[in-house]
Amino acid sequence: MHKLWSSMAINLGKRAALVGVIVFVVTAVLGAGLSKLEFATGQDSYLNTDSKIYRDNVEYQDLFGGQAMLTLFTMDEGKTVTDLFTPENLQAMEEIEADVLADDGVLSVVTPATALQFTQRMVTMTPDGEVTDDPTASVAGRALLGARDREPDEAAKALRLEDSVKTLERLNAVPVPERTLDNPEWVEFLLTDNRGDIRKALRPFFPDERHAQLVTRLTGNASIEDEGTASEVVTAAVEQHQFDNATEITTGAAVLLKDLNDYLRGGFLTLGGIAVALMLLILLLTFNVRWRLLSLGVVLVGVVWAFGLAGYLGIPLSVVTISGLPILLGMGIDFAVQMHSRVEEEVQLDRAPHPIQETTTRLGPALVVATLAGAVSFLALLLAQVPMLRSFGVLLAVGIVVVVVADIVLPTAILGAREYRSPTPRRDYTTDAVSRGIVTLGSLPRSAVPVLLVGSLAVFVGGAVVDPMLDLQTDPEEWVNQDSQVIEDLDVLREEVASSSELGIFVRTDEPFSDRSVEFVHDFATRSLSEHDLLLTASSIVTTVSFLIEMPGTTTLAPTGQDVANAYAIAPEGIKASTVADDGRAFNLIFRTGAGPLEDRAVVVNAIRASVSPPEGITATPSGLAVVGVGLLENLKANRTTLTYVALGAVFVFLLLRLRNAARALLCMVPVLMGVGATSLVAFAAGFKLSPLTALGGPLVIAACTEFTSLILLRYLEERERGMGSKAASDTAAARTGRAFATSALTTIAGVGVLAASPLPLLRDFGIITSINVAVALLSALVVLPPLVVWADDKGWIGKGLGGVGSDTATGDLVEQRWTVT
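Here the structure is a predicted model, which means the values were calculated and not measured.

**Some words on the confidence of the model for the protein chain**
Summing up the model confidence of the protein chain, the mean pLDDT is 85 and the portion of residues at 70 or higher is 95%. This model gives residues 801–822 a pLDDT under 50, and the stretch forms 44 contacts once residues within four places in sequence are excluded.

Pasting the structure below:
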């Protein structure tokens, strides 16, 4: 293996021009893969495609469409929803409906006028769709008379009769020719019951007397891009009109996801650009070598390779994997800096006759160890229950390996050619302020070792104790820019009507409009509303009739199957499409949900799942965006902490096998444990909620810190192979590598920390907390590891069985060197 490293170093430098051509071709080929990258913000990023929740939601959207767009009308001061129905406003609603339905991305539209038209048809039409002057022959009249006949309580029968008489009086007060939606008296009758309240069946569209809602249902199972296009169509159609007596806003989950998707496409490069600018500044200020910006150019090529390969492999870019760009930039430049610095060291300090060969044979294997340790940590994410976390783990594991290939090949060829043509003059940089500072950091006395060990263990245990106390933030509304228009609009919805979301239930039955099926839907809706305060209203073809025949002081009766079939027969097309599907074999029941954390919705969803007990031949399944969110919450909670411990265990096993010594592997892990504990402690102290991204901070910290600890330890062992004593070896290693470690530590932190510049809380919080944790982990590697290594070495624990490979500086031939701990 060492002959391979030696041969590679010589040939890459001699054939730098050929290497350049090959690198150009590889970059062009892999760069083409960038065009194949896909952005994923759909439910397949959050849920496993083989999960029941995912399959149920796909079926639900096939039947009843996808996301709902809401247009909220807020009446002007002193006006009520009755004043919404002016001739001009009615014309505007009609035009909006026509314009929106012309788009393939829209399934159905229910305007406030549509909702009132349904009520009007109920009281003026027979089941055959004929207009009648006989109220008792109408769909509503038949349902009300049937309910009175089925009423078991005589006193309640009298109340029903009294209410029916009052309804008839109100109806007859409006002459037949004046029963139009631009007549306030007729609108008042249709809109309110005999007690002056908004009719219960209409509350999903008229939450109160000052608000009305236009509901647009988008095509189901559409891509984020298609949903985003459809949302723009809906928004544009509404904005073309100026409504009398009201102001309006249009928003919804599709707008939210579009906003998120748009940021991914633009923010992906913006964050990378900021990271590059910071790294440029750090290299200029801290890395005092010839061609100091070479490392940045190298890692940029490596990142192109990594993401191009990701495109070919079909690894999607989600709200999580987008952060892979600055992370790979930060971690990748670490290796490039180490390679560049080592070449300068061999040229300036040791005057090695073959500095490139000396660099690759000594540093190359250490970089491979550090890289594979990091990749092992990232691959632990394959055990995650959330698909986008698994994709993130694969992206980083593949990416870091690809980047390190560029970090080794390019500096070896470029610097080899440079040194052949223009050798670097001798200079002792080990007394520079940076190098002296790194030596000082790792120079704690032997007496500090017990404190360091106890402190590291305390931080790790403390993190393990507070970790279960951390809250998860899985509400997509909290992921996006809180100053954006979509969040402002959603806040208005919550403030005005106490809701911005819905929970869908689809009921399957082979007996469409049977008494049994209708009774089940009625009972289920009524019970759910009474048991769960989070559910504000219920909307379905069944509840429309249920609420019509519901009266205070009477028995709560389910409508008959015929009553519901009659209502469906005369319903407007928008209501039909959103309430019944598959030739009547599927009912849609939509609950408007109140504002609240996803945990509250999870309680409701899980309670419904546990309590629903339909008759044989009938199924009821919660679905929709709320259920997808609950599924994400459950998947994150499933093994979030386990992923960190698996990463720790996997990295330790890898180091144990590669370093062939338990003491060495354990020493590498001490700063890592401190970094992992700090991850939870910092999040707990700062009050952060863990998002899907922040939840994987553990494996990232493990990877970054393990890179540093393994490089520090292996460099220490190299100095000991030269015959130095333990303390001298530690100080020499620190002095010689100080500038490289300082620069790479800062660039790694900058790479992760740049996410703090994102306007998305999801990325910003991750950037803040993870950069702090990485800083703690890397600082602990520089402060804690050196004195521990010296202490363990003095005890004879890490030198047993050591076989090292060095290079004879006179001939360049590889020789076997051994040393004995004294």
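**Quick word on the nonpolar core**
Residues Phe85, Leu116, Phe206, Leu503, Phe591 and Leu655 are the most contacted members of the largest nonpolar core, which totals 250 residues. It is helix 14 (residues 387–421) that contributes the most residues to this core, 16 residues altogether. For Phe206, the contacting residues outside a window of four places in its chain are Val81, Phe85, Pro112, Ala115, Leu116, Leu191, Ile198, His211 and Ala212. Counting seven residues, the second largest nonpolar core, distinct from the first, contains Leu63, Phe506, Ala581 and Ile590.

**What about the pattern of salt bridges?**
In this structure the tally under the stated criterion is 28 salt bridges. In this structure, Asp163 engages Arg195 in a salt bridge whose closest nitrogen and oxygen atoms are separated by 3.2 Å. One end of the pair, Asp163, is in helix 7 (residues 154–172); the other, Arg195, is in the loop between helix 8 (184–191) and strand 3 (211–218), with 32 residues separating them in the sequence. For Asp163, a relative accessible area of 14% gives the class buried. Judged by relative accessible area, Arg195 falls into the partly exposed class, the value being 41%. Beyond isolated ion pairs, a larger network of salt bridges with shared partners links Arg342, Glu345, Glu346, Glu358, Arg362, Arg715, Glu718, Glu719, Arg722 and Arg736.

**Here's the deal with the pairing of strand 9 (residues 618–623)**
Here strand 9 lies mainly inside the structure; five of its six residues are buried. One ladder, built from six bridges, connects strand 5 (residues 499–509) with strand 9; its direction is antiparallel. Looking across to strand 9, one finds that Thr509 is bridged to Ile618.

**Considering a nonpolar patch on the surface**
Judged by side-chain polarity, Leu18, Val21, Ile22, Phe24, Val25, Val29 and Tyr312 come together as a nonpolar surface patch covering roughly 680 Å² of accessible area. Tallying contributions element by element places helix 2 (residues 16–32) first for the nonpolar patch, with six residues. You can see Val25 is positioned in helix 2. Classification of Val25 as partly exposed rests on a relative accessible area of 44%.

Rules used throughout
- Residues numbered from 1 in each chain as written.
- Predicted model: local features only at pLDDT ≥ 70, side-chain atom pairs only at ≥ 80, totals over all residues.
- Heavy atoms only, no water.
- pLDDT = per-residue confidence, 0-100.
- Contact = heavy atoms within 4.5 Å.
- Core = buried A, V, L, I, M, F, W, Y, C linked by side-chain atoms within 4.5 Å.
- Buried < 20%, exposed > 50% of the residue type's maximum accessible area, 1.4 Å probe, protein only.
- Helix = DSSP H or I, 4+ residues; strand = E, 2+ residues; numbered from the N terminus.
- Salt bridge = Lys/Arg side-chain N within 4 Å of Asp/Glu carboxyl O.
- Pairing = 2+ DSSP bridges.
- Patch = residues over 30% accessible without salt bridge, like charges linked within 9 Å, V, L, I, M, F, W, Y side chains within 5 Å.
- Areas by Shrake-Rupley, 256 points an atom, 1.4 Å probe, with all protein chains shown as cover.

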